[in-house]
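A closer look at the structure
Spelled out from the first residue to the last, the chains are:
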Amino acid sequence: MYYAEVIEPPQRLWIWEKGVYKDENARIWLSIFTENENVSFVIMRQKDIPLGVPMSPNQLAPFPLPLMYQLYPENRYKSIDSRYWRIVYHIKFQGTEEMLLELLEDQR
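Each value, and the rule that gives it
- The residue numbers shown here count from 1 along each chain, following its written sequence.
- Local features are withheld for residues below a pLDDT of 70 in this predicted model, meaning they are given only at 70 or higher, and side-chain atom pairs are given and counted only at 80 or more; totals for whole chains, interfaces and linings count all residues.
- Only hydrogens and water are removed before side-chain values are computed, so all heavy atoms of the structure are retained for them.
- Any Lys or Arg side-chain nitrogen located within 4 Å of an Asp or Glu carboxyl oxygen qualifies as a salt bridge.
- Here's how the labels work: a residue is buried when its accessible area is under 20% of the maximum for its type, exposed when over 50%, partly exposed in between, all with a 1.4 Å probe on protein chains only.
- Working definition: rings of Phe, Tyr and Trp (its six-membered ring) pair if their centres are within 6.5 Å, and the pair is stacked with planes under 30 degrees apart, edge-to-face with planes over 60 apart, and tilted otherwise.
- Only DSSP runs of H or I with at least four residues qualify as helices, and only runs of E with at least two residues qualify as strands; both kinds are numbered from the N terminus onward.
- Only Lys NZ and Arg CZ are tested; either one counts as a charge over a ring when it is within 6 Å of the ring centre and within 35 degrees of the ring normal.

**Re the pattern of salt bridges**
Applying the stated criterion to the full structure yields five salt bridges. Across the salt bridge formed by Asp81 and Arg83, the nearest N and O atoms sit 3.0 Å from each other. On the basis of relative accessible area, Asp81 is assigned to the partly exposed category, the value being 37%. Salt bridges sharing partners connect three or more residues here, namely Asp23, Arg27 and Glu97.

**A closer look at the packing of aromatic side chains**
Here the structure, examined in full by the defined rule, presents four aromatic pairs. Centre to centre, the rings of Tyr21 and Tyr69 are 5.6 Å apart; their planes meet at 55 degrees, and the pair counts as tilted. With a gap of 48 residues between them, Tyr21 in strand β3 (residues 20-23) and Tyr69 in strand β6 (residues 68-72) connect regions that are remote in the sequence. We classify Tyr21 as buried; its relative accessible area is 0%. When its relative accessible area of 0% is taken as the criterion, Tyr69 is described as buried. Here Tyr69 and Tyr77 contribute two aromatic rings whose centre-to-centre distance is 5.8 Å and whose plane-to-plane angle is 65 degrees, an arrangement assigned as edge-to-face. Overall, Tyr77 belongs to the buried group, its relative accessible area being 0%. Residue placement shows Arg76 over the ring face of Tyr84; its charged tip is 4.2 Å from the ring centre.

That's the geometry; what it means functionally is another story.
The following block contains the structure:
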């Protein structure tokens, strides 16, 4: 039987290229953005992949996700654009970490 373990989320996530972030421990996170019924979510999955050349903010425009997330109290991230994202869950299952972030309603 397998169990997911709840673990501490990264302190910071910086965008590397569209859909790819890097944390303070140089781990790579792939992101998937989705919106449904006026709710914005991003799924982040930690994956070891080769990185390309980092993109500049000009190369990333337009992109719906922020350039950086900073961990804040109350289980949430504050993005560089001053919006807050609630960590719905952050688990590790069979060696793979995954997070689900929800853009807080008053931030849309």
